[in-house]
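So the chains spell out like this:
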Amino acid sequence: MERTIRAARWALYGAFALASVVSAMLALPIGLAVLGLEPNDVTFLPLTLTGLPWSGPLFWMELDSVTRLAIALVANVLNLALGLMLARGSD
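Given the structure is predicted, the values throughout are model-derived calculations rather than measurements.

Across its full length, the protein holds 4 helices and 0 strands. Secondary structure of the protein in N-to-C order comes out as α-α-α-α. Expressed as a percentage of its 91 residues, the buried residues of the protein come to 26%. In the protein, once contacts between residues fewer than 6 apart in sequence are set aside, the share between residues at least 24 apart is 53%. Here the protein has roughly 6,100 Å² of accessible surface; of this, 73% comes from carbon and sulfur atoms.

What follows concerns the nonpolar core. Ala24, Ala27, Phe44, Leu47, Leu58, Leu69 and Ala72 form the largest nonpolar core, which has 7 residues in total. The set of elements that each furnish at least two residues to this core consists of α1 (2–27) and α4 (65–87). Setting aside residues up to four positions removed in sequence, Ala27 forms contacts with Val42, Thr43, Phe44, Leu47 and Leu69.

With 23 residues, α4 extends 32 Å between its outermost C-alpha atoms, agreeing within 8% with the 33 Å of an ideal straight helix rising 1.5 Å per residue. Turning to α4, its buried residues are Arg68, Leu69, Ala72, Ala75, Asn76, Asn79, Gly83 and Ala87. Contact partners of the buried residues in α4: α1 and α3 (45–50).

It is worth spelling out unusual backbone geometry at this point. A cis geometry characterises the amide bond from Leu52 onward to Pro53, with omega recorded as 5 degrees. Tracing the sequence through the fold places Pro53 in the loop between α3 and α4.

What follows concerns the side chain of Ser20. On the secondary structure map, Ser20 appears in helix α1. Judged by its relative accessible area of 5%, Ser20 falls in the buried class. Polar contacts involving the side chain of Ser20 include one to the side chain of Asn76, which spans 3.5 Å. When near neighbours in sequence (up to four residues on either side) are disregarded, Ser20 contacts Thr50, Asn76 and Leu80.

Turning to a nonpolar patch on the surface, a few remarks are in order. Taken together, the side chains of Leu45, Leu49, Leu52, Phe59, Trp60 and Met61 present a nonpolar region at the surface, about 660 Å² in accessible area. Residue class for Trp60 comes out exposed when judged on its relative accessible area of 75%.

Applying the stated criterion across every chain, the model contains 1 aromatic pair. Ring centres of Trp10 and Tyr13 lie 6.1 Å apart, and the angle between their planes is 85 degrees; on these two criteria the pair is classed as edge-to-face. Of the two residues, Trp10 and Tyr13 both sit in helix α1, 3 residues apart, roughly one turn of that helix. Judged by relative accessible area, which is 19%, Tyr13 ranks as buried.

Quick notes on the rules
Within each chain, residues carry numbers counting from 1 in the order of the written sequence. This being a predicted model, a pLDDT of at least 70 is required before a residue's local features are given, and a value of 80 or more before pairs of side-chain atoms are given or counted; all residues contribute to the totals for chains, interfaces and linings. Heavy atoms throughout the structure, all of them, feed into the side-chain values; hydrogens and water do not. Comment: elements are numbered from the N terminus, with helices defined as DSSP H or I runs of at least four residues and strands as E runs of at least two. Per-residue accessibility, obtained with a 1.4 Å probe over protein chains only, is compared with the maximum for each type, and a residue is labelled buried under 20%, exposed over 50%, and partly exposed between these values. Only heavy atoms enter the contact rule, under which two residues are in contact if any of them lie within 4.5 Å. Here the Shrake-Rupley method, with its probe set to 1.4 Å, supplies the accessible areas, and only the displayed protein chains count as covering residues. Working definition of a nonpolar core: buried Ala, Val, Leu, Ile, Met, Phe, Trp, Tyr and Cys residues. They are joined through side-chain atoms within 4.5 Å. Here, expected helix span is obtained from the residue count minus one, scaled by 1.5 Å. Residues adjacent in sequence count toward polar contacts only when both atoms are side-chain atoms; beyond that, a polar contact is any pair of N or O atoms within 3.5 Å, and within protein one must be able to donate a hydrogen and the other to accept it. Without a salt bridge and with relative accessible area above 30%, a residue can belong to a patch; like charges are then joined within 9 Å and nonpolar side chains (Val, Leu, Ile, Met, Phe, Trp, Tyr) within 5 Å. A carboxyl oxygen of Asp or Glu within 4 Å of a side-chain nitrogen of Lys or Arg is what we treat as a salt bridge. Whether two aromatic rings pair depends on their centres lying within 6.5 Å, for rings of Phe, Tyr and Trp, where Trp uses its six-membered ring; planes under 30 degrees apart make the pair stacked, over 60 edge-to-face, and the rest tilted.

Given below as C-alpha cells:
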C-alpha cells in the first residue's frame, strides 16, 4: 500500500509539472509556435490557474501583460517547489 501511495504521489506531481509547462507555453509566443498555434492565441488563464493560490490576486488586479506573466511564472515555480517537497516527503 505504501508503495502505491508513493507512486501516486510522483504520478500526480508529474502530471502537475506537465500541466505547468504546457500552461507556460500557452502564455509565451515561442511556446505557441512549438505547439503549432498562432501568436494571437496567447492566454494567461491556464498559467494563472496552475499558479493558484499565489496568483489569486491576478483575477482582481488590472496589470500589464509583462507583470501578469512574471507573477504567474513565479507562482508556478512556487507550486512546483512545494509539490516536489510534498512528493519527496518520506523518501
